[in-house]
Amino acid sequence: MTVYFIGAGPGAADLITVRGQRILASCRVCLYAGSLVPRELLDVCPPGARLTDTAELDLDRITAELVRAHEAGEDVARLHSGDPSVFSAVAEQMRRLDAAGVPYEIVPGVPAFAAAAAALGRELTVPTVGQTVILTRVAQQATPMPEGEDLATLGRSGALIVLHLAARYADRVVAELLPHYGPDCPAAVVAMASRPDELVLRGTLGDIAGRLGAAGVTRTAVIMVGRTLGAEQFGDSHLYSPHRERGAAGPGGGPCASGG
C-alpha cells in the first residue's frame, strides 16, 4: 500500500499530469482539498472509491485516514492543488507517515505560478533583465516567516517576486516592496489561474493594490512584481546563439545546456 501525494495542478482538470491521473484512477481511497481541487478530477477515481474532502479535517484526522487505509491495504491518492513542492503542507504529513511506517510517493503537478505566467503570456526569466524568481508569501495570520525572509529583505535583490496567499494584504506588499522596486515596476495578479473564472490584472507596483481591491480579489491569487513582466528590449538567449558551440556534452554525456 502506498500514499500518493499528487499535485492536481492549478485548477483546470486537464492540467493534472498523465502520471497523476493514472495513479488517481487506480486508488480505492482519495483524500482531496475540496475548496481547491476541481470536482471533475474525482470522476477519474474508480467506481466505489472512498472519497474524503479534507477541507474540514485537521492534521490528526487526515493522518488517521491515511493510516486506516494503510492498515486495510488500500492505496491512497492524496490530492493537493498545484505542486506538492511549495506551500502544500505535505512536509508535516510525510513526517507523520514516516513515524507510522506508512510508505508514500510524491507525484509532481503544475504549480500556480506557472499557470499564472502562462495566463500573462510571459516567461519569468528573461535574458539580461532577470534570471531569478523568488517564491514566497507573507506572514499575516499564518505561520511566521523565518528570519531574513521578510519582503523588505527579499526585495533588495530586485528579482521577480511571486507571492502566494497574499491577496488580502496587497497594501502591505506594496509598502514593503516600493523602496526596492519603485512605483513604476511592472506588477500583475492572476486569480483562479487556468479556471473558467480566471482573472488577470496588469499594472504597476504603484497601482496594483487598487486594481486588486476594485476587483474584489481576496484569495486563490498569485501576485507578481518584477521587471521581467514588462521586458520588451532584451538580448536573445545564448542557448540559440549562432556563436555558441554545439554538440558538446556534459559530464553525463548529455547536452550541456537545458531548454529546447
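Read on for an overview of the structure. (Residues numbered from 1 in each chain as written. Predicted model: local features only at pLDDT ≥ 70, side-chain atom pairs only at ≥ 80, totals over all residues. Heavy atoms only, no water.)

**A look at the sheet that holds strand 4 (residues 76–80)**
Consideration 1: The strand order across the open sheet formed by 5 strands is 3-2-4-1-5, and the pairing between neighbours is parallel. If you trace the sheet from one side to the other, it starts and ends with strand 3 (50–53) and strand 5 (104–107), each paired once. Direction aside, the axes of adjacent strands within the sheet are offset by 20° on average.
Consideration 2: Relative to strand 4, strand 2 (residues 29–32) runs parallel, the two being bridged by 4 bridges. Looking across to strand 4, one finds that Leu31 is bridged to Arg78.
Consideration 3: Along the sheet, helix 3 (residues 90–100) makes contact with strand 1 (3–7), strand 4 and strand 5, crossing strand 1 at roughly 170°. (Pairing = 2+ DSSP bridges. Helix = DSSP H or I, 4+ residues; strand = E, 2+ residues; numbered from the N terminus. Axes fitted to C-alpha atoms, helices over the stretch in contact; angles between N-to-C directions. Contact = heavy atoms within 4.5 Å.)

**Thoughts on the side chain of Asp83**
Consideration 1: Here Asp83 shows up in the loop between strand 4 and helix 3.
Consideration 2: Arg19 is the oppositely charged side chain nearest to the buried, salt-bridge-free Asp83, at an N-O distance of 10 Å.
Consideration 3: In this structure the side chain of Asp83 is engaged in a polar contact, spanning 2.3 Å, whose partner is the side chain of Ser85.
Consideration 4: If sequence neighbours within four positions are ignored, Asp83 has contacts with Ser88, Pro108, Gly109, Val110 and Pro111. (Buried < 20%, exposed > 50% of the residue type's maximum accessible area, 1.4 Å probe, protein only. Lys, Arg positive; Asp, Glu negative; His and termini not counted. Salt bridge = Lys/Arg side-chain N within 4 Å of Asp/Glu carboxyl O. Polar contact = N/O pair within 3.5 Å; in protein donor to acceptor, adjacent residues only side chain to side chain.)

**Quick word on a nonpolar patch on the surface**
Consideration 1: Residues Phe87, Leu135 and Leu165 make up a contiguous nonpolar surface patch of roughly 280 Å² in combined accessible area.
Consideration 2: Relative to the helices and strands, Leu135 resides in strand 6 (residues 133–137). (Patch = residues over 30% accessible without salt bridge, like charges linked within 9 Å, V, L, I, M, F, W, Y side chains within 5 Å. Areas by Shrake-Rupley, 256 points an atom, 1.4 Å probe, with all protein chains shown as cover.)

**A look at the packing of helix 6 (residues 170–181) against helix 7 (residues 208–215)**
Consideration 1: Direction vectors running N to C along helix 6 and helix 7 enclose 175°, while the axes themselves pass 9 Å from each other. In terms of orientation, helix 6 and helix 7 fall into the roughly antiparallel class. On helix 7, the residues that touch Ala170, Asp171 and Val174 of helix 6 are Ile208, Ala209 and Leu212.
Consideration 2: Looking at the contact of helix 6 with helix 7 residue by residue, the classes come out as 5 nonpolar, no polar and 1 charged. (Parallel < 35°, antiparallel > 145°, perpendicular 65-115°, else oblique. Nonpolar A, V, L, I, M, F, W, Y, C, P; charged D, E, K, R; others polar.)

**Considering the side chain of His80**
Consideration 1: Structurally, His80 is set in strand 4.
Consideration 2: The buried category is assigned to His80, whose relative accessible area is 7%.
Consideration 3: Contact partners of His80, with chain neighbours within four places excluded, come to Phe5, Ile6, Gly7, Ala8, Gly9, Val37, Ser88, Val90 and Gln93.

**Describing the environment of Gly7**
Consideration 1: Among the secondary structure elements, Gly7 is positioned in strand 1.
Consideration 2: By relative accessible area, which is 0% here, Gly7 ends up buried.
Consideration 3: Expressed as a C-alpha distance, the spacing of Gly7 and Thr125, which sit 118 residues apart in the sequence, is 24 Å.
Consideration 4: Discounting residues that sit within four places of it in the chain, Gly7 has contacts with Ile16, His80, Gly82, Pro84, Val107, Pro108 and Gly109.

**Here we look at the packing of aromatic side chains**
Consideration 1: Evaluation of the coordinates by the stated rule reveals 1 aromatic pair.
Consideration 2: Between Phe5 and Tyr104, the aromatic rings sit 6.0 Å apart at their centres with planes inclined by 75°, giving edge-to-face as the arrangement. Highlighted residues: Phe5 in strand 1 and Tyr104 in strand 5, separated in sequence by 99 residues.
Consideration 3: On the basis of relative accessibility, which here comes to 0%, the residue Phe5 falls in the buried class.
Consideration 4: For Tyr104, a relative accessible area of 26% gives the class partly exposed. (Phe/Tyr/Trp six-rings, centres within 6.5 Å; stacked < 30°, edge-to-face > 60°.)

**Things to note about the sheet that holds strand 8 (residues 186–191)**
Consideration 1: The strand order across the open sheet formed by 5 strands is 6-7-10-8-9, and the pairing between neighbours is mixed. Two strands lie at the open edges of the sheet, namely strand 6 and strand 9 (199–204), each paired on one side alone. Strand-to-strand, the axes of this sheet are offset by a mean angle of 20°, without reference to chain direction.
Consideration 2: Across the sheet, helix 4 (residues 112–120) lies against strand 6, strand 7 (160–164), strand 8, strand 9 and strand 10 (221–225), angled at about 65° from strand 10, the strand it touches most.
Consideration 3: This element, helix 7, spans strand 8, strand 9 and strand 10 of the sheet and lies at about 150° to strand 9.

**Examining unusual backbone geometry**
Consideration 1: In this model, Phe87 sits at a positive phi of 50°, which is unusual for a non-glycine residue.
Consideration 2: Mapped onto the fold, Phe87 is located in the loop between strand 4 and helix 3.
Consideration 3: Here the phi dihedral of Met192 falls at roughly 55°; this positive angle occurs in a residue that is not glycine.

Interpretation note: all reported values are geometric properties and have no functional meaning in isolation.
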